[in-house]
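Geometric and topological summary
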Amino acid sequence: MGHHNERRKPDAAAHRAKGSGGVRRDLLHPHGRKRGEPPQVYRGQRAGRPQPGRMSTAQSKNIIPRAQDFAAWYQDVVLQGDMAEPAEVVKGCMVIKANGYAVWERLQADLDRRFKATGHKNVYFPLLIPESFLRREAEHVEGFSPELAVVTHAGGKKLEEAYVVRPTSETIVGHFFSRWIQSWRDLPVLMNQWANVVRWELRTRMFLRTTEFLWQEGHTAHANEQEAREEAIRMLHVYAEVAEQVMAMPVIRGIKSRAEKFAGAERSYCIEAMMQNGLALQAGTSHELGQNFGKAFDVKFQTKEGTLEYVWQTSWGVSTRLIGGLIMTHSDDKGLVLPPKLAPVKVVIVPIFRKEEERAMVLEVAAKVAADLNAQGLTAEVDAREGYNPGHKFFHWEQRGVPVTIELGPRDVAAGTAVVKRRDLGTKESFPLEGLTGVVSGVLDRMQEDLLATAARRLRENTVTASSLDEVAGILTSATAEKGGGKFVMAHIKDDPACDARVKELKASVRCLPLVDEYDGPGKCIVTGETVSHRSVIAKSY
RNA sequence: CGGGGCGUGGCUCAGCCUGGUAGAGCGCCUGGUUCGGGACCAGGAGGCCGGAGGUUCGAAUCCUCUCGCCCCGACCA
């Protein structure tokens, strides 16, 4: 991009096309555009007669292709998919719009059900935390202080002690644990809270990293280390299952290096996903906090034997970042692609008609199809808006990621059929109206499976091994968030911050030591040459 | 925090160099014709040009200050 006057605005792609000195000029105007001349808008292909069984080739006019600029593509997809937009008036924040929030609600519902099923109960702690609390745990304060928002004034007066807006709640939870826990009979404590948190980030991207974000944080206290460890790993697997089974986003379950672990934890587990540009995204984390916060907040309990011990705690969280991962896993150059299990609307029926009598007939059948689908829990809508032709509607829903669209016109009604189109593949096929609900249900199921399979294949194909730091560098240096080319590089590396630092020089990081390593076996550390039991994932990341 | 850039109808921008009281495309509203992959025609609404000060008969345009936003780099779910 030659110039830098990009703004996060809905017409970003068109804007970039100009401001960038012609990134998309080829699409807009074959010979570029003269100063002062109004921008010409690419119209896409002229509508021809539909050819059943052929997939559409129309090109989105307001989403920049992935291959051209992945980061810009992501922005466009979020905007055009009506998922969110930058808050603008509040630095680094975003407005999650109805389409995006509905996805979050589905994720939330699924996660919440699994948390309850594993014995957790929901609670809520204050947004504001006494500043002194953060200081109690040395690593914790060091890790978070650069990104704290602090409330110093309230009620028209300066506060005696400032509050921080929670960046996470371990400290205030620790405070209350110390009041609630006295005996081994009080353990374990298994809690979760759905909340917003604030971290003053330098660089933000919608969903992936915003100043304020929504998440859940689980907080538990246990009588011994073993139990706490099992809890942390159990919840990691819950996250992985949601990622794979619900989001169709394959993940690697692993352990963070000491350098990358949560500030204040003994050990952090994570799920790492690979985005379409090959960059890693930490999609969820689960921490063994050891007795660190127990000691900092004096959370002691009396054992059966009568001795006094500090509790062993865990904490774990996933956030609205998952939605960013979802988008960067499945979406394409036409816009958002939502897996059926998370799509707020799974099916949209686009009625087609010319004459008035056709209109009534088609709409009647469309309403019946929608009713049948809804009766089976397959959320369906009829797009009966007037003033937009069918083509417009197809693009509209395509950009918003609706998994299945059904075209229903006079010819279909006459033949007792409907055209069913799958969002991810773009394939269209005609089916009898009789039994259509079952067909659509099957299509949705297959789409969900295929999305996971496709993403899993991409992860496999972009995972390579390396046995030296130079080799890692050779693989990763050319990869960028914009141009892609990222890989997961499996390499032996000692769990030592000094080794992490060498990887950081490559603008990459040690993502995790996989719990199950398909590339298993001991080898020599690419930095120190010492023997390491198995390979870690090294990648560029978000 | 360093380096770039930008603030003009809802959006993207032109106009600024060479002051004369604001335009285009998209979107929006109305009516009509359309409708199997982003329709067309006609009519219409909408802007004290980020803010403050200055120069001038006159400022979107020139000068000063200020606020905000975006992009690129070092930290992070």
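To start, this report covers the structure provided alongside it.

Bringing the overall build of chain A into the picture now. A tally of helices and strands in chain A yields 16 helices and 25 strands. Counting all 542 residues of chain A, 53% fall into the buried class. The contacts of chain A with a sequence gap of at least 6 include a subset with a gap of at least 24, amounting to 69%. Taken as a whole, chain A presents about 24,800 Å² of accessible surface, with 51% of it coming from carbon and sulfur.

Bringing a nonpolar patch on the surface into the picture now. Judged by side-chain polarity, Y124, L127, L128 and Y163 come together as a nonpolar surface patch covering roughly 350 Å² of accessible area. With respect to the helices and strands, L128 occurs in strand β4 (residues 128–130). You can call L128 partly exposed: its relative accessible area is 32%.

With respect to the helices and strands, the residue P130 is situated in strand β4. The class for P130 is buried, based on a relative accessible area of 18%. Separated by 20 residues in sequence, P130 and V150 have C-alpha atoms that sit 9.6 Å apart. Apart from residues no more than four positions distant in its own chain, P130 is found in contact with E161, A162 and Y163.

All right, on to unusual backbone geometry then. A cis amide bond links L187 with the next residue in sequence, P188, at an omega value of -5°. Checked against the element boundaries, P188 lands in the loop between α7 (170–180) and β7 (189–198). A positive phi angle, near 55°, is found at D298, a position not held by glycine. You can see D298 is positioned in the loop between α9 (292–296) and β12 (300–302). In this structure, K507 takes a positive phi of about 60° despite not being glycine. Within the element layout of this structure, K507 appears in the loop between α16 (497–504) and β22 (509–514). Look at K507 and you get exposed, because its relative accessible area is 69%.

To continue, consider the sheet that holds β4. Ordered by their spatial adjacency, 3 strands build an open sheet running β4-β6-β5, and the pairing between neighbours is antiparallel. Each edge of the sheet is formed by a strand with only one pairing partner; in this case those strands are β4 and β5 (150–154). The sheet shows a mean angle of 50° between the axes of neighbouring strands, direction not considered. Pairing analysis gives 4 bridges linking β5 to strand β6 (residues 157–165), with the strands arranged antiparallel. When the bridges of β6 are listed, A154 appears paired with K157.

Turning our attention to the packing of helix α4 (residues 98–117) against helix α10 (residues 321–330). At a closest axis distance of 10 Å, the pairing of α4 and α10 adopts a crossing angle of 105°. Classed by the angle they form, the pair α4 and α10 counts as roughly perpendicular. On α10, the residues that touch G100, V103, W104 and L107 of α4 are L322, I323 and L326. Each residue belonging to the contact of α4 with α10 can be placed in one class, and the counts come to 6 nonpolar, 1 polar and no charged.

Within a pair of aromatic rings, the relevant descriptors are the distance that separates the centres and the angle that separates the planes. Counting across every chain of the model gives 13 aromatic pairs. Geometrically, the ring pair formed by F115 and Y239 is edge-to-face, given 6.4 Å between the ring centres and 75° between the ring planes. Residue F115 is found in helix α4, and its partner Y239 is found in helix α8 (residues 225–246); the two are separated by 124 residues along the sequence. What makes Y239 buried here is its relative accessible area of 2%. Here F176 and W180 contribute two aromatic rings whose centre-to-centre distance is 5.7 Å and whose plane-to-plane angle is 40°, an arrangement assigned as tilted.

A separate point is the pattern of salt bridges. Counted according to the given criterion, the structure contains 31 salt bridges. Across the salt bridge formed by E272 and K256, the nearest N and O atoms sit 2.7 Å from each other. Of this pair, E272 sits in strand β10 (residues 267–274) while K256 sits in the loop between β9 (251–255) and β10, placing them 16 residues apart in sequence. Judged on exposure class, the residue E272 and its partner K256 are both buried. E260 is the salt-bridge partner of K504, the closest N and O atoms lying 3.4 Å from each other. One end of the pair, K504, is in helix α16; the other, E260, is in the loop between β9 and β10, with 244 residues separating them in the sequence. What emerges from the salt-bridge pattern is a single network uniting D82, E85, K97 and R400.

Counting buried residues along strand β14 (residues 312–319), 8 of its 8 residues qualify, which places the element largely inside the surrounding structure. Burial along β14 is two-sided: W312, T314, W316 and V318 and Q313, S315, G317 and S319, pointing in opposite directions, are all buried. Two elements, strand β8 (residues 212–222) and β14, share 8 bridges in a ladder whose sense is antiparallel. In the sheet register, A221 faces β14, and the bridge partner there is Q313. Summarising the sheet, strand β11 (residues 280–290) and β14 pair through 5 bridges and their orientation is antiparallel. Pairing of H287 across the sheet is with S315, part of β14.

Spatially, β3-β7-β8-β14-β11-β10-β9-β22-β25-β21-β20 is the arrangement adopted by the 11 strands of the open sheet, whose pairing is mixed. In this open sheet, the two strands that pair with only one neighbour each are β3 (121–122) and β20 (463–465). Each of β3, β7, β8 and β14 touches α4; the most contacted strand, β7, lies at about 160° to it. Lying over the sheet, helix α15 (residues 469–476) contacts β20, β21 (488–491) and β25 (536–539), oriented at roughly 175° with respect to β21.

With that out of the way, let us pick up the environment of V311. Residue placement: V311 occurs in the loop between β13 (308–310) and β14. Overall, V311 belongs to the buried group, its relative accessible area being 0%. Along the sequence, V311 and F301 sit 10 residues apart, while their C-alpha atoms lie 6.8 Å from each other.

Quick notes on the rules
Residues numbered from 1 in each chain as written. Chains lettered and ligands numbered in written order. Predicted model: local features only at pLDDT ≥ 70, side-chain atom pairs only at ≥ 80, totals over all residues. Heavy atoms only, no water. Helix = DSSP H or I, 4+ residues; strand = E, 2+ residues; numbered from the N terminus. Buried < 20%, exposed > 50% of the residue type's maximum accessible area, 1.4 Å probe, protein only. Contact = heavy atoms within 4.5 Å. Areas by Shrake-Rupley, 256 points an atom, 1.4 Å probe, with all protein chains shown as cover. Patch = residues over 30% accessible without salt bridge, like charges linked within 9 Å, V, L, I, M, F, W, Y side chains within 5 Å. Salt bridge = Lys/Arg side-chain N within 4 Å of Asp/Glu carboxyl O. Pairing = 2+ DSSP bridges. Axes fitted to C-alpha atoms, helices over the stretch in contact; angles between N-to-C directions. Parallel < 35°, antiparallel > 145°, perpendicular 65-115°, else oblique. Nonpolar A, V, L, I, M, F, W, Y, C, P; charged D, E, K, R; others polar. Phe/Tyr/Trp six-rings, centres within 6.5 Å; stacked < 30°, edge-to-face > 60°.

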